[in-house]
Amino acid sequence: MSTSGTRTIIELAGVRKTYATGAAAVEALRGIDVRIEEGEYVAIIGPSGSGKSTLMHILGCLDVPTEGTYELAGRDVSDLAEAELAHIRNREIGFVFQQFNLLPDMTALRNVALPLAYAGVYGAEREERARHALDRVGLSDRADHRPGELSGGQQQRVAVARALVTEPSMILADEPTGNLDSVSSADVLALFRELHDAGRTIVLITHENDVAAEADRVLTIRDGRITERAADDAATKAKVGTL
Amino acid sequence: MNWLETLRTAADAVRSHRMRSLLTMLGIVIGISSVVLTVGLGLGAQDKVRSQIDALGSNLLIVSPGSSTGTGGVRGGFGSAATLTLADANTLANSAVAPDVSRVAPTTSTSTSLTAGTTNWTSRIVGTTTNWQQVRARTLTAGRFFTANELADGADVTVLGADTASELFSRGNPVGQTITADGTTLTVIGVLAESGATSSSSSTSEDDLAVVPITTAQQLSGSTSNAVASVYVEAKSADLLSAAYQEVDAALLTSHDVSSASADFSIATQDALLATANSTNKTMTILLAGVAAISLLVGGIGVMNIMLVSVTERVREIGLRKALGATPSAIRRQFLIEASLLGIIGGLIGAAIGVVGALVLPSMINQPVSISGLAILAALGVSLGLGVGFGVYPASRAARLTPIDALRSD
Ligand SMILES: Nc1ncnc2c1ncn2[C@@H]1O[C@H](COP(=O)(O)OP(=O)(O)O)[C@@H](O)[C@H]1O
Ligand SMILES: [Mg+2]
């Protein structure tokens, strides 16, 4: 499925995730095998409760599988200590969430700069890079606004700027358009397309078919299992659209 | 994330929850201000006692009638027993008996109503000898002290303390005027300069008294007794003080014909007086400081409590920071610094309130309060320590949160 002979960035094998909530255990993921090459634009589509977020948390090293292995750029993440995982989340992965997850007491600029603070980038360089990231999402004039003073679409673009500020190789987005109107959705999706064209790996989680159609490849998840059924069609359409 | 950055983050958190931060700090504010105040009161009381004792004169031994009790304490007040007399004072003044004694001043003391014209004032009449002025290191602002002749004659003259003079003669120069004491008319021949001792009670004030020749004092009280309330003995120098002590002790034991176990007099040095007074003060200060320390502890627990609430409230923020690359130690540091900041700000406010209290309180309670820089520094150190100490647990709770639990809480 990969467009060229690049290296594999994500490799899941037999991944299961079971949540033990009180008496009943919930099997959110029931054996997932997925391989994603560097530079791919992949959508994961599925209905609510199908395990999309659970999968994304594992992909983002925010959570660990109950069973199975996850290799990120060739490294098995179960071997890594919490501090190393933090480092990977900081340098290799940019997150975009449905709820934006901006810190309300900080300006857009400081929100965007936050990952750089944990990357050890300080002072003028950090400000410079944060401004540049805001510029890329077209919000340089909103740098000093707090999230509460921005529209939903603008907030999500700030979140995208934050996700790309450390120049990660992969962007993970969990229903990034779920809280947006169609115009803002189109803006955000256009940003992802740009990032993809610039060589980033993008994993886009959604439950909307037209959003998934943006990706080059679509994985369908249902009851914690992946099928690539109906994916070829969407992927082909998307490819044709961009070529 | 470096320390400066973390400090800024913590300061932002403190600032954005201003009310909660203030309430959190309240315990520490109260604790620190009461520590500063109680220590200040204790030190103030010590300073006051020292100034009173220093104002007695220098290189002094104070001989009182009655036996001493146990360790350093002096039993009984003035004239609790008529075992000390003018004859004793004369013995001690003999350089063959006590070669290291330079001067001796026996004193009697009675409280009497004085009248000048239509003005009445109750004061202390101190009967003594001509040496008193030098022994007690007093100077005069007007007139002169009484002479040996006046002492021998029992002349009706008096030297007034500064406060007594201003009470009886609000205008004009008291020297040359007369006052009446117990029906006897006394001519004011001099006025003493202020002693420099801070005293709150008139019965011990060194500035509210009327000094008369001891012979005159005997006539006033109509007694023929030679008993005295105390004998002030001045040693020739500070180095000779303990030698003088031995000589006085030996001379009085011999002349009273008693053993040291059954001595009917006691000798106090200024140091001993100071130590006795301070030990009482110290107990009080320690007690009060203990109460203050408990309130500090409660304040620290308050910080911990609020920090725990804050961790729970900010689960989402913590999760997000972790998702963006914060290591557990970065999160721990953030919450630890936040707690320390609450502690140190609380400490600063508390110290400021303590200092203001120390400036305002003396005029309200008539007690000196000294501001001790050391106490303030220590208090700030303690409040920082409280912040850190009680911040450790909440901070490690925050650090242990998994990013996912944190992000999921909607
Ligand atoms: N922390 C959790 N504890 C218990 N059950 C969970 C937890 N997170 C998710 N689940 C369950 O796992 C399943 C998948 O959830 P999720 O991955 O959030 O699905 P989606 O994002 O596709 O809506 C759901 O049944 C959900 O209730
Ligand atoms: Mg979801």
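Residues numbered from 1 in each chain as written. Chains lettered and ligands numbered in written order. Predicted model: local features only at pLDDT ≥ 70, side-chain atom pairs only at ≥ 80, totals over all residues. Heavy atoms only, no water.

**What about the overall build of chain B?**
Secondary structure summary: chain B contains 13 helices and 12 strands in total. In terms of overall dimensions, chain B is more spread out than a globule: its C-alpha atoms have a radius of gyration of 32 Å, far above the 22 Å expected for 410 residues. Taken along its principal axes, the extent of the C-alpha atoms in chain B is 100 × 55 × 30 Å. Pairs at least 24 apart in sequence give 78% of the contacts found in chain B among residues at least 6 apart. Of the roughly 18200 Å² of accessible surface on chain B, a fraction of 60% belongs to carbon and sulfur atoms. Distance between charge centroids for chain B: 22 Å, based on 24 positive and 28 negative side chains. (Helix = DSSP H or I, 4+ residues; strand = E, 2+ residues; numbered from the N terminus. Rg over C-alpha atoms; globule rule 2.2 N^0.38 Å. Contact = heavy atoms within 4.5 Å. Areas by Shrake-Rupley, 256 points an atom, 1.4 Å probe, with all protein chains shown as cover. Lys, Arg positive; Asp, Glu negative; His and termini not counted. Charge placed at Lys NZ, Arg CZ, Asp CG, Glu CD.)

**A few points about the environment of B:Gly27**
Residues and elements named next belong to chain B. Tracing the backbone shows Gly 27 in helix 2 (residues 18-54). Classification of Gly 27 by relative accessible area gives partly exposed; the value is 23%. Sequence-wise, Gly 27 and Val 298 are 271 residues apart; in three dimensions their C-alpha atoms are separated by 6.5 Å. In this structure Gly 27 touches Ser 295 and Gly 299, once residues within four positions along its chain are discounted. (Buried < 20%, exposed > 50% of the residue type's maximum accessible area, 1.4 Å probe, protein only.)

**Description of the domain arrangement of chain B**
For chain B, the assigned domains are domain 1 (3-51 + 276-408) and domain 2 (84-263). If you average the C-alpha positions of domain 1 of chain B and of domain 2 of chain B, the two centres end up 54 Å apart. (Domains from an automatic or database assignment.)

**Points about the interface of chain B and chain A**
Between chain B and chain A, the residue contacts involve 24 residues of the former and 24 residues of the latter. Of the roughly 2300 Å² buried between chain B and chain A on both sides combined, carbon and sulfur atoms contribute 58%. At the junction of chain B with chain A, the criterion picks out two salt bridges. Among the ionic pairs, A:Arg110 bridges to B:Asp12, the shortest N-O distance being 2.8 Å. Here chain B is connected to chain A by seven residue pairs in polar contact (both at pLDDT 80 or more). At the level of secondary structure, the elements contributing two or more residues to the side of chain B that touches chain A comprise helix 1 (3-16), helix 10 (315-323), helix 11 (328-365) and helix 13 (403-408) of chain B. With six residues, helix 10 of chain B is the largest single contributor of residues to the side of chain B that touches chain A. (Buried area = accessible area lost by both parts, 1.4 Å probe. Salt bridge = Lys/Arg side-chain N within 4 Å of Asp/Glu carboxyl O. Polar contact = N/O pair within 3.5 Å; in protein donor to acceptor, adjacent residues only side chain to side chain.)

**Here we look at helix 7 (residues 214-221) of chain B**
Within the span of helix 7 of chain B, buried status applies to B:Ile214, B:Thr216, B:Ala217, B:Gln218 and B:Leu220. One or two steps after helix 7 of chain B, the chain reaches B:Gly222, where phi turns positive at roughly 70 degrees.

**Some points on the packing of aromatic side chains**
Considering all chains together, one arrives at three aromatic pairs over all chains under this definition. Measuring from ring centre to ring centre gives 5.8 Å for A:Phe95 and A:Phe97, while their planes differ by 10 degrees; the resulting arrangement is stacked. Judged by relative accessible area, A:Phe97 falls into the buried class, the value being 6%. On the basis of an interplanar angle of 5 degrees and a centroid distance of 6.0 Å, the ring pair of B:Trp132 and B:Phe145 is categorised as stacked. Of the two residues, B:Trp132 is situated in helix 4 (residues 132-135) and B:Phe145 in the loop between strand 6 (140-143) and helix 5 (148-153); the sequence distance between them amounts to 13 residues. For the pair B:Trp132 and B:Phe145, a shared accessibility class is recorded, and that class is buried. Three or more aromatic residues joined by ring pairs make a cluster, and in this case those are B:Trp132, B:Phe145 and B:Phe146. The ring of B:Tyr232 has B:Arg136 lying over it, and the distance from NZ or CZ to the ring centre is 4.5 Å. The residue whose ring lies beneath B:Arg333 is B:Trp3, and the NZ or CZ to ring-centre distance is 4.8 Å. (Phe/Tyr/Trp six-rings, centres within 6.5 Å; stacked < 30°, edge-to-face > 60°. Lys NZ or Arg CZ within 6 Å of the ring centre and 35° of its normal.)

**As for the pairing of strand 9 (residues 184-192) of chain B**
Residues and elements named next belong to chain B. Note: strand 6 against strand 9, three bridges, orientation antiparallel. Within the sheet, the bridge partner assigned to Gly 143 lies in strand 9 and is Gly 190. Pairing of strand 7 (residues 157-160) with strand 9, which is carried by four bridges, proceeds in the parallel orientation. Each residue of the ladder has a partner; that of Thr 158, found in strand 9, is Val 188. (Pairing = 2+ DSSP bridges.)

**Re empty space enclosed by the protein**
Residue and element names in this part refer to chain B. Considering all chains together, one arrives at three cavities of 30 Å³ or more under this definition. Approximately 60 Å³ is the volume attributed to the largest cavity. Ala 13, Val 14, His 17, Arg 20, Ser 21, Thr 24, Ile 306, Met 307, Ser 310, Arg 314, Glu 338 and Leu 342 are the residues that line the largest cavity. Elements with a contribution of two residues or more to the lining of the largest cavity: helix 1, helix 2, helix 9 (270-313) and helix 11. Of the residues in the lining of the largest cavity, the class split is five nonpolar, four polar and three charged. A volume near 50 Å³ is recorded for the second largest cavity. (1 Å grid on protein atoms, 1.4 Å probe; cavity = no way out; pocket = protein on both sides within 12 Å on 5 of 7 lines; lining within 4 Å. Points joined across faces, edges and corners; volume = space filled by probe spheres on them. Nonpolar A, V, L, I, M, F, W, Y, C, P; charged D, E, K, R; others polar.)

**A word on unusual backbone geometry**
All names here are of chain A. Of note, the phi angle at Phe 100 is positive, near 65 degrees, even though the residue is not glycine. Phi is positive for Asp 223, which is not a glycine, with a value near 50 degrees. Among the structural elements, Asp 223 can be located in the loop between strand 9 (217-222) and strand 10 (225-227).

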